[in-house]
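Residues per chain, in single letters:
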Amino acid sequence: MSGINKTNAARLLDRAKIAYKLVPYAVDENNLAADHVAHELGEDINQVFKTLVLHGDKCGHFVCVIPGNMEVDLKAAAKVAGAKKAEMIPMKELLPLTGYIRGGCSPIGMKKSFPTYFHSTAMDFDVIYVSAGVRGLQFKIAPADLIGYVRATVADIATPMENKDDE
């Protein structure tokens, strides 16, 4: 573990006695996308999950953790969260709300505990990768352990990304 500073999220997992591995990767400030992270880790994009924060009209804020090559299905996410509709929060609200910045948002250790939903494919793998709370560092962790720790619900909340030429 030399040279890697433990994040608050890592300390929380330590306290809960949950096994994980911290995996550093090279950060590209111009490309915070999950596919870049997967490439840097040399891992399957389906196993590299991104943490998104949404706001539902009837339920307030909630968290969706989905594979890096998918996008959140707003209708499905709203439904599982008990809302009629939901939307991604504006980027400027992320840090004050969660304590995390874009590209370093972890489902563990946010300022407040929000209802959390993992896409069902997380359970297809022995280990998945999620942000450890800072850019450049991922947790390699068993999905069941992580889902249990954050008391998440597993649901189909994402759809494959549409390949848009203008992105």
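Residues numbered from 1 in each chain as written. Predicted model: local features only at pLDDT ≥ 70, side-chain atom pairs only at ≥ 80, totals over all residues. Heavy atoms only, no water.

Draft legend 1. Quick look at the packing of aromatic side chains. Under the counting rule described, the total for this entry stands at two aromatic pairs. Each ring, one from tyrosine 20 and one from phenylalanine 139, has its centre 5.1 Å from the other, and the planes form 80°; the classification is edge-to-face. Placement of tyrosine 20 in strand β1 (residues 20-24) and of phenylalanine 139 in strand β8 (residues 137-141) is noted, with a sequence separation of 119 residues between them. Neither residue differs from the other here; tyrosine 20 and phenylalanine 139 are each classed as buried. Between the aromatic rings of phenylalanine 62 and tyrosine 117, the centroid separation amounts to 5.9 Å while the plane-to-plane angle is 85°, which identifies the pairing as edge-to-face. Taken together, the residues span a long stretch of sequence, with phenylalanine 62 in strand β3 (residues 60-67) and tyrosine 117 in strand β6 (residues 116-119) at a distance of 55 residues. (Phe/Tyr/Trp six-rings, centres within 6.5 Å; stacked < 30°, edge-to-face > 60°. Helix = DSSP H or I, 4+ residues; strand = E, 2+ residues; numbered from the N terminus. Buried < 20%, exposed > 50% of the residue type's maximum accessible area, 1.4 Å probe, protein only.)

Draft legend 2. The arrangement of the pairing of β6 in detail. Here β6 shows two buried faces, one formed by Thr116 and Phe118 and the other by Tyr117 and His119. Here three bridges tie β3 to β6, and the two strands are oriented parallel to one another. Bridge assignment links valine 63 to a residue of β6, and that residue is threonine 116. (Pairing = 2+ DSSP bridges.)

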